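Breakdown of the fold
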Amino acid sequence: MNQCNHKGHLRYVRRVFKDGTIHFGVQCSNCLDMVKTERHQHKLFIQLSEIPPHSTIHEYIDPELNDKQGDLL
């Protein structure tokens, strides 16, 4: 079970699915979980227009791929 409280690690991300659809959301850069925030009415995915202007939008990091890449080092 994840013990991360996400404090200070939340960032906006852009996630591209295999079928080419693009979704935006909030991801914890510490534990890599997608996070439902009160600011966005606890939605997993949000509209681009819901992201504050001038916010940096990062690429989504897939936790499964990230773990596998770490094993290679």
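In what follows, the accompanying structure is described. (Residues numbered from 1 in each chain as written. Predicted model: local features only at pLDDT ≥ 70, side-chain atom pairs only at ≥ 80, totals over all residues. Heavy atoms only, no water.)

1. Description of the nonpolar core
Formed by Cys 4, Tyr 12, Phe 24, Val 26, Cys 28, Val 35, Ile 46 and Ile 51, the largest nonpolar core amounts to eight residues. Of all the elements, strand S2 (residues 22-28) adds the most residues to this core, at three residues. In this structure Val 26 touches Leu 10, Arg 11, Tyr 12, Val 13, Asp 33, Met 34, Val 35, Thr 37 and His 40, once residues within four positions along its chain are discounted. (Core = buried A, V, L, I, M, F, W, Y, C linked by side-chain atoms within 4.5 Å. Buried < 20%, exposed > 50% of the residue type's maximum accessible area, 1.4 Å probe, protein only. Helix = DSSP H or I, 4+ residues; strand = E, 2+ residues; numbered from the N terminus. Contact = heavy atoms within 4.5 Å.)

2. As for the environment of Thr 21
Within the element layout of this structure, Thr 21 appears in the loop between strand S1 (10-16) and S2. A relative accessible area of 34% places Thr 21 in the partly exposed class. Those residues within four positions of Thr 21 in sequence are excluded, and the remaining contacts are Arg 15 and Val 16. A polar side-chain atom of Thr 21 sits 2.8 Å from a polar atom in the side chain of Asp 19. (Polar contact = N/O pair within 3.5 Å; in protein donor to acceptor, adjacent residues only side chain to side chain.)

3. As for the pattern of salt bridges
One side chain can pair with another of opposite charge once the charged atoms of both are near each other. Summed over all chains, the structure comprises two salt bridges. Taking the shortest distance from any N to any O, the salt bridge between Arg 14 and Glu 59 comes out at 3.2 Å. In this pair, Arg 14 sits in strand S1 while Glu 59 sits in strand S4 (residues 57-59), placing the two residues 45 residues apart along the sequence. Residue Arg 14 is classed as partly exposed on the basis of its relative accessible area of 28%. Among the residues examined, Glu 59 registers a relative accessible area of 46% and is labelled partly exposed. A salt bridge links Lys 43 to Glu 50; the nearest nitrogen and oxygen atoms lie 3.0 Å apart. (Salt bridge = Lys/Arg side-chain N within 4 Å of Asp/Glu carboxyl O.)

4. What about the side chain of Arg 11?
Within the secondary structure, Arg 11 is located in strand S1. Despite its burial, Arg 11 pairs with no opposite charge; the closest candidate is Glu 59, at 9.3 Å N-O. Sequence-distant contacts of Arg 11, that is, excluding residues within four places in its chain, are made with Gly 25, Val 26, Gln 27, Ser 29, His 58, Glu 59 and Ile 61. (Lys, Arg positive; Asp, Glu negative; His and termini not counted.)

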